[in-house]
Amino acid sequence: MNIYKLTYENKDTALADLTAKGILIETEEGQAYGDGVQAVVEIGLIVLEIVDDQPIYADGYHYDVMSTETYDFGANLVVPTNPKHAFAGYPINDEVNGTDTDSITPGL
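Here the residue numbers are simple positions, counted from 1 along each chain's written sequence. In view of the model being predicted, local features appear only for residues whose pLDDT reaches at least 70, and side-chain atom pairs are presented and counted only at 80 or more, with totals across whole chains, interfaces and linings using the full set of residues. Excluded from the side-chain calculations are hydrogens and water; all other atoms, namely the structure's heavy atoms, are used.

**Comments concerning the packing of aromatic side chains**
Working definition: a ring pair exists when centres of Phe, Tyr or Trp rings (six-membered ring for Trp) sit within 6.5 Å. Plane angles under 30 degrees give stacked, over 60 give edge-to-face, the rest tilted. A full pass over the atoms with the stated rule returns four aromatic pairs. Measuring from ring centre to ring centre gives 6.0 Å for Tyr61 and Tyr63, while their planes differ by 50°; the resulting arrangement is tilted. A 1.4 Å probe rolled over the protein chains alone gives each residue an accessible area, and that area as a share of the maximum for its type sets the label: buried under 20%, exposed over 50%, partly exposed in between. Tyr61 sits in the buried class, given a relative accessible area of 14%. Pairing Tyr71 with Phe73 gives two aromatic rings, centres 5.9 Å apart and planes at 50°, and the pair type is tilted. Looking at Phe73, the relative accessible area reads 4%, which means it is buried.

So this is what it looks like as structure tokens:
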């Protein structure tokens, strides 16, 4: 199983990429998962802290994807130091897909 933790500039950019890769597809019944995709989790904006009752957000808009397929997300693939989500049955600090972590941007 491949687990991807992703950061995009915004939600629209994320959805466009996930759709272009066939992770999310449009059907007559609405949006669905592509072949091999087990889950797509919209994490959204991540609050780092609250200052004067105002949230301070981490850069980007975040998604987690679980799939039997392998994808190249390039710079959108991150290795979070403080993950906000885990898939059931997988440790929250489970290794991100791939072994070349030098090319992955450190994240939250």
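**Overview of the side chain of Lys5**
Secondary structure elements are defined from DSSP: runs of H or I of at least 4 residues count as helices, runs of E of at least 2 residues count as strands, and each element is numbered from the N terminus. Along the chain, Lys5 falls in strand β1 (residues 2-8). Of the residues examined, Lys5 reaches a relative accessible area of 8% and is grouped as buried. Two N or O atoms count as a polar contact when they lie within 3.5 Å, although within protein this holds only if one can serve as hydrogen donor and the other as acceptor, and sequence-adjacent residues are included solely when both atoms are side-chain atoms. Within polar-contact distance, the side chain of Lys5 engages the side chain of Asp64 at 2.8 Å. At 2.9 Å, the side chain of Lys5 forms a polar contact with the backbone oxygen of His85.

**Here we look at the nonpolar core**
Among the nonpolar cores identified, the biggest contains 15 residues, and Tyr4, Leu6, Leu18, Ile23, Val40, Val65 and Phe73 are the most heavily contacted of them. What Phe73 contacts, discounting residues up to four positions off in sequence, is Tyr4, Leu6, Tyr8, Asp17, Leu18, Lys21 and Ile23. Here, nonpolar core refers to any group of buried Ala, Val, Leu, Ile, Met, Phe, Trp, Tyr and Cys residues whose side-chain atoms link them within 4.5 Å. Contacts are residue-level and defined by heavy atoms, with any inter-residue pair within 4.5 Å sufficient.

**Observations regarding a nonpolar patch on the surface**
On the surface, Leu45, Val47, Ile50 and Tyr57 cluster together into a nonpolar patch covering about 380 Å² of accessible area. With a relative accessible area of 40%, Tyr57 lands in the partly exposed category. To count toward a patch, a residue needs a relative accessible area above 30% and no salt bridge. Like charges then connect within 9 Å, nonpolar side chains (Val, Leu, Ile, Met, Phe, Trp, Tyr) within 5 Å. Computed with the Shrake-Rupley method and a 1.4 Å probe, the accessible areas treat only the protein chains shown as cover for residues. Any carboxyl oxygen of Asp or Glu that lies within 4 Å of a side-chain nitrogen of Lys or Arg is treated as forming a salt bridge with it.

**Thoughts on unusual backbone geometry**
For Asp52, which is not glycine, the phi torsion reads 50° and is therefore positive. By secondary structure assignment, the location of Asp52 is in the loop between β5 (47-51) and β6 (54-57). The backbone phi angle of Asp53 is positive, close to 65°, even though this residue is not glycine. Structurally, Asp53 is set in the loop between β5 and β6.

**Here's the deal with the pattern of salt bridges**
Under the criterion given, the structure shown has three salt bridges. Lys11 is paired through a salt bridge with Glu42; the nearest N and O atoms lie 3.3 Å apart. Here Glu42 lies in strand β4 (residues 37-44) and Lys11 lies in helix α1 (residues 11-20), a separation of 31 residues in the sequence. The class for Glu42 is partly exposed, based on a relative accessible area of 40%.

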